[in-house]
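# Results of the structural survey
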Amino acid sequence: MRRFLALAIAAGLALAPVARAQEPPQAPILRVEAAAHTAPITRLSTDAGGRILASVSDDKTLRLWALPDGTPIGVLRPPIGDGEEGELYAVALTPDGSRAFAAGFTGRNWDRSFSVYLFETSTGRLLARLPNQPAPIFHLAVSPDGSRVAAALGGRSGIRIWDARNGRQLAEDNAGWTGPARMVAFDVNGRLAATSADGRVRVYDANGRRVAERQPVQGGRPYGLAWSPDGALLAIGFEDRLRVEVLQAHDLRTVLVPDTTGLLGEGLPAVTWAHDARGGVQLYAAGYARRTAAVPGETNFLIRRWSDFGLGPARDTPAARDAISHLLPLPQGGLAFAAADPGWGRLAPDGSLVQAPMPPGGDFRNTAGSFAISADGQRVRFMLRTGTPSLVFDGQTSQLAADEGRDLQPAVQQSQRLVVSDWQNRDRPRLNGQPLRLGEGEYSRSLAIMPREEAFLLGTDTHLRLFDRSGRLIDQLSMPGTVWAVAATEGMAVAALGDGTIRWFEASDHLRERGALFVHADARRWVAWTPEGLFDHAPQGGQELVGVHLNNGRAQTPEWASFQQAYRALYSPGAVHARLLGDNGPAQARMNELGEVRSRIGRLPTLAAGEACAVIGESCTPVGWGAAELPAGASALRLTFSTTDRGLGLGPLDIMVNDRIAVRSPAQPGQNAIEVPLDPGPNRVAARLYADDRTLFAEGPTLELRRPGEAAPPPGAGRLILVAIGVDQYQLADLNLRFAVADARSVVEALRSRAQGVFREVISTVLTDREATRANILAALASAAQVARPEDTFVLYLAGHGVRSEPDRRFLFLPHDTTSTANWDALRSTSLDEGTLVAALARIRARDGFLFIDTCHAGQVTIDSLAALGNETGRFLLAASTSVQEALDSYDDRNGVFAFAIREAMNGRAATDSEGHVSALALGEWVTRRVPVLAAEKHHRQDAVFRTAQRELRSFSMGAIAR
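First, a word on what this report is: a plain description of the structure on this page.

Parameters and conventions
Residues numbered from 1 in each chain as written. Predicted model: local features only at pLDDT ≥ 70, side-chain atom pairs only at ≥ 80, totals over all residues. Heavy atoms only, no water. Helix = DSSP H or I, 4+ residues; strand = E, 2+ residues; numbered from the N terminus. Rg over C-alpha atoms; globule rule 2.2 N^0.38 Å. Buried < 20%, exposed > 50% of the residue type's maximum accessible area, 1.4 Å probe, protein only. Contact = heavy atoms within 4.5 Å. Areas by Shrake-Rupley, 256 points an atom, 1.4 Å probe, with all protein chains shown as cover. Lys, Arg positive; Asp, Glu negative; His and termini not counted. Charge placed at Lys NZ, Arg CZ, Asp CG, Glu CD. Phe/Tyr/Trp six-rings, centres within 6.5 Å; stacked < 30°, edge-to-face > 60°. Lys NZ or Arg CZ within 6 Å of the ring centre and 35° of its normal. Disulfide = S-S within 2.5 Å. Pairing = 2+ DSSP bridges. Axes fitted to C-alpha atoms, helices over the stretch in contact; angles between N-to-C directions. Parallel < 35°, antiparallel > 145°, perpendicular 65-115°, else oblique. Left-handed = near helix turned anticlockwise from the far one by under 90°. Nonpolar A, V, L, I, M, F, W, Y, C, P; charged D, E, K, R; others polar. 1 Å grid on protein atoms, 1.4 Å probe; cavity = no way out; pocket = protein on both sides within 12 Å on 5 of 7 lines; lining within 4 Å. Points joined across faces, edges and corners; volume = space filled by probe spheres on them. Polar contact = N/O pair within 3.5 Å; in protein donor to acceptor, adjacent residues only side chain to side chain. Core = buried A, V, L, I, M, F, W, Y, C linked by side-chain atoms within 4.5 Å. Expected span 1.5 Å × (residues − 1).

This paragraph deals with the overall build of the protein chain. What the protein chain contains, in helices and strands, is 14 helices and 67 strands. For the protein chain, whose C-alpha radius of gyration is 30 Å, the value lies close to the compact-globule estimate of 30 Å for 963 residues. If one aligns the C-alpha atoms of the protein chain with their principal axes, the spans along those axes are about 100 × 70 × 55 Å. With 963 residues in all, the protein chain has 59% of them scored as buried. Within the protein chain, counting contacts between residues at least 6 apart in sequence, those at least 24 apart form 56% of the total. In the form shown here, the protein chain has an accessible surface area of approximately 37200 Å², with 48% of it arising from carbon and sulfur atoms. Here the protein chain contributes 102 positively and 106 negatively charged side chains, and the mean placements of these two sets differ by 2 Å.

And the structure:
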């Protein structure tokens, strides 16, 4: 019942003063959205349970992935701007995975300082930010208990530590720093370690006080950082040399230098410890280490693994095509790694590669030699990656085909009149022996001499630059990725960029973009678009691959709409063709017809998920929106959605099954119900709600459901049916709590996470706050009664206010719509009394059942009344009751004592049998033992009661812990 309020977090983090500057740019920003990163991934993070992986990238997105399979589950978008603004270099998930801190080059363009953003992972909502940071942030870490967040800052700004619950700065250290901080990491006891390019490693106690400092290698630049599992050792990887040192944590004395012989490369900036799921711990390092016989474009970059804490022999695993920036140990064993491919991968506990990085588009770093264009610049030849066939795209016929394109011409890079030298992967290119000025740290990557040799183009890490024959800079454009290849014809140029796009430019006395193309890695789907956002796409699709990013305020969640959502408005092949030829007329005319696009996209109607169930004969089985499997025999889905009109009116509501329309229904404000027929085999079900004029639609949630048969459960296994109720917000504000909602969700997730191999399906219904009315609770129980079968297991979790009525001494659970506590009659009329609850539970036919009741009260002890429920229902019952004052506290800033103890039990603390199963008895016994201990740690007194009224004490499994 304890919950940390997201609203309180947002309010606390917003308290930091911000110098008034300007807001993020309000013009629509076109971005590639290929369901994966399109630029190097910089950092990874995971929750304590290893369920979610977060990744951030130079592509200005934070992405969430389900572990272990790597299914994309969300994209979180910060405010972004031109150039580096919005690039994310750091991410840290809270232990429960509910929030993500992210930072990088964030906020500088409008605040004149940098910010750390805080996101809610379930919704993608930007909750708050930590502004006024003096430098970009390169790494973030959240303490194991979730109470603190630390940052490594650039420049000489050192490190900072904040209270993760309210944003209050707890400590900072910049004294004596002569280089940027690289990484920070907490150990199991709350100590913090930091590395820096100034060559030093620093350790801080739990209060943020520096307690140790040392330069491990004279002249070396420590980068990677990892605590050993017991906190006794620190592993340090160096960015400027192939070296790893293992230090004693208390004094930073070197105790081990693992063998790095046989590696080539510049450094090992990524290092970690990871367990092998058999009790052993291995040391891993990676970065720029490569094979001795590297082949461009192949999997040349290695991860080295030393067994036995680094004392054992080394083994190399080829893992990526480009540098590896981060190694992250996973709670289940093994590790995830981030690469500049771009992509992330995963090593199994035994060190084998089980998932390689999978770039979603073209990788033009090693294919520049194949890049060529036609005389009019409309046909372009390119290779998506080394070893693949050449493709030719025709911008006037909208055709993409495998073709040698022998009539196309590559860039001219040599001329007697213009001698450009030292340009290839160098930071000091020269024209006729004279240096050309680039930005600090900027490297040139590509060159094209214009016809007539009056000018030339240099593509760099950040810009496309146009110089005249004397070396004077004529114009430049900031690029969304490195310009790996460029070719020029009269008055125009075409370039291949690091974000996987090919772009056309007017190149005369100025540079102006004409259009862009993104080809998916499958070499079938593509999308081409103009700077205004008008687009064309492949017959096989591609309209989902690019969209419009709209900033709101500096601390507000941006809007996003894919081209697919604005198809009727923005699909305009003729305008794309004309724009590539340099004719802006058709595009301008179309935009004049559309009016203010930003305003329209920002006012799209909203479509929120309600309930979902699978039709099986005459019944309908609840299906969670996060479910992955359909019940056997399901022929249709019944879905409900909540719609809101934000000013554009409501058009039809469409349901797509496997990317084709299956149902169209008129939408009405509020709740809408639809029945959708399903395909045999897998079903991808998505919802679209159109604006009234049908030119734009909002996307709803998506269900990815497979039929039974994959990873079949044991014979006779039933389903786990969960009904969880959590009420923090009451109609009577005086009753409000803090952690009931979080507790309900955490318990559901704890049980769901351990269901694999025990239950053939998990069906969960979670009602919180306004959803948790008396009628809705009874409806949820009635729904469970309709679907439950004898082989199933039913769980009810109630978290909120509970009282014992007088004089009948009956337990009453107070739902959200409790309207009065003035007298018992008024309270009974709106509460869920135990008689009604017992009657509802009696209709649920599940053989096994468990009732979890976590209530707080205003002076009356209800524990005895709660125990009676177990007796009357014949169900296992685990209950606790606390005072309101105690309920407003929490154990770990996430959950109350009761829910925390359940999480512990389901995470392996409770006893298990030989197959790893946690029985209902073991769960109850653990929680009843732990609740008083945990409460005492918080200076409270609380007990839990565990009851069963069965004559034969027959237990049943509540889940299984992976062995």
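All right, on to the packing of aromatic side chains then. On inspection of all chains with the given rule, the structure shows 19 aromatic pairs. Seen from their ring centres, Trp-273 and Phe-309 are 5.7 Å apart, and the 55 degrees between their planes marks the pair as tilted. Here Trp-273 is found in strand 22 (residues 270-275), whereas its partner Phe-309 is found in the loop between strand 24 (301-306) and strand 25 (314-320), with 36 residues between them in sequence. Taking the relative accessible area as the measure of exposure, Trp-273 reaches 4% and is therefore buried. When its relative accessible area of 30% is taken as the criterion, Phe-309 is described as partly exposed. The side chain of Arg-77 reaches across the aromatic face of Trp-560, ending 3.7 Å from its centre. Cation over ring: Arg-202 sits above Trp-177, and NZ or CZ is 3.8 Å from the ring centre.

What the rule picks out here adds up to one disulfide. Disulfide pairing places Cys-613 opposite Cys-620 at an S-S distance of 2.0 Å. Measuring the twist about the S-S bond at about 85 degrees, one finds the Cys-613-Cys-620 disulfide to be right-handed. Cys-620 sits in the buried class, given a relative accessible area of 9%.

Neither face of strand 16 (residues 201-204) is left uncovered, since the one carrying Val-201 and Val-203 and the one carrying Arg-202 and Tyr-204 both have all their residues buried. What sits between strand 15 (residues 192-196) and strand 16 in their antiparallel hairpin is a turn of four residues, with Gly-199 showing a positive phi close to 95 degrees. As judged from the four bridges shared by strand 16 and strand 17 (residues 210-214), these two strands associate in the antiparallel manner. When the sheet's bridge partners are listed, Val-201 is paired in strand 17 with Arg-214. Counting the residues between successive antiparallel strands, the hairpin from strand 16 to strand 17 contains five residues, one of them, Gly-208, with a positive phi of roughly 85 degrees.

Moving on, we come to the packing of helix 13 (residues 897-909) against helix 14 (residues 920-937). Helices that pack against each other are described as a pair by the angle of their axes relative to one another and the distance between those axes. Contact pair helix 13 / helix 14: the axes reach a minimum separation of 9 Å and the direction vectors enclose 130 degrees. Classified by the angle between their axes, helix 13 and helix 14 sit oblique to one another. Between helix 13 and helix 14 lies a crossing of right-handed hand. Along its contact with helix 13, which presents Val-897, Phe-898, Phe-900, Ala-901, Ile-902, Glu-904, Ala-905, Met-906 and Arg-909, the element helix 14 presents Leu-923, Trp-926, Val-927, Arg-930, Val-931, Leu-934 and Ala-935. Class assignment of the residues belonging to the contact of helix 13 with helix 14 gives a composition of 13 nonpolar, no polar and three charged.

Here we take up the pairing of strand 8 (residues 114-120). Of all seven residues in strand 8, seven are buried, a share of seventy percent or more. Of the two faces of strand 8, both are covered, the one formed by Phe-114, Val-116, Leu-118 and Glu-120 as well as the one formed by Ser-115, Tyr-117 and Phe-119. Pairing analysis gives five bridges linking strand 7 (residues 99-105) to strand 8, with the strands arranged antiparallel. Considered in strand 8, the bridge of Arg-99 is made with Glu-120. Alignment of strand 8 against strand 9 (residues 126-133), held across five bridges, turns out to be antiparallel. When the bridges of strand 9 are listed, Val-116 appears paired with Leu-130. Connecting strand 8 to the next strand, strand 9, in antiparallel fashion are five residues, including Gly-124 with a positive phi near 80 degrees.

All right, on to the sheet that holds strand 47 (residues 535-537) then. What the six strands build is an open sheet, ordered 42-43-44-45-46-47; its pairing is antiparallel. Every other strand in the sheet has two partners, leaving strand 42 (483-489) and strand 47 as the edge strands with one partner each. In this sheet, neighbouring strand axes are inclined to one another by 20 degrees on average, regardless of whether the strands run parallel or antiparallel. Across seven bridges, strand 44 (residues 501-507) lies against strand 45 (residues 511-519) in antiparallel orientation. Note that in strand 45 the partner of Thr-501 across the bridge is Phe-518. Of the strands in this sheet, strand 43 (492-497), strand 44, strand 45, strand 46 (526-529) and strand 47 touch helix 4 (residues 573-580), which is tilted by about 105 degrees from strand 47.

Applying the stated criterion to the full structure yields three cavities of 30 Å³ or more. The computed volume of the largest cavity comes to approximately 50 Å³. Forming the walls of the largest cavity are Ala-566, Ala-569, Leu-570, Leu-594, Val-597, Arg-600, Ile-601 and Leu-696. Elements with a contribution of two residues or more to the lining of the largest cavity: helix 3 (567-570) and helix 6 (597-601). Per-element accounting of the lining of the largest cavity gives the leading share, three residues, to helix 6.

For the rest of this paragraph, the subject is the side chain of Ser-415. Among the secondary structure elements, Ser-415 is positioned in the loop between strand 34 (409-410) and strand 35 (420-421). Look at Ser-415 and you get buried, because its relative accessible area is 11%. A polar contact of 3.2 Å, which involves the side chain of Ser-415, links it to the backbone nitrogen of Leu-418. Of note is the side chain of Ser-415, whose polar atom sits 2.9 Å from the side chain of Glu-453.

Mapped onto the secondary structure, Leu-550 falls in strand 48 (residues 546-550). The buried category is assigned to Leu-550, whose relative accessible area is 0%. The spatial distance from the C-alpha of Leu-550 to the C-alpha of Ala-27 is 7.0 Å, given a sequence separation of 523 residues. Non-local contacts of Leu-550, meaning those with residues more than four positions away in its chain, are made with Pro-28, Pro-558, Glu-559, Arg-598, Ile-601 and Gly-602.

Here we take up the nonpolar core. Within the largest apolar cluster, 46 residues are counted, with the highest numbers of intra-cluster contacts made by Tyr-797, Phe-850, Phe-852, Phe-898, Leu-923 and Met-958. By size, the runner-up hydrophobic cluster in this structure holds 35 residues, among which are Leu-781, Val-787, Leu-837 and Ala-846.

Between the first and last C-alpha of helix 8 (residues 774-787) there are 20 Å, a value that for 14 residues agrees with the 20 Å anticipated at 1.5 Å per step. For helix 8, the complete set of buried residues consists of Ile-777, Ala-780, Leu-781, Ala-784, Ala-785 and Val-787.

A few words on the sheet that holds strand 16. Sheet architecture is open: four strands sit in the order 14-15-16-17, paired in antiparallel fashion. Only two strands of the sheet have a single partner each, and these edge strands are strand 14 (181-186) and strand 17. Taken pair by pair, the neighbouring strands of this sheet meet at an average axis angle of 15 degrees, ignoring direction.

Note that every value here comes from positions in space, so none of it alone points to a role or purpose.
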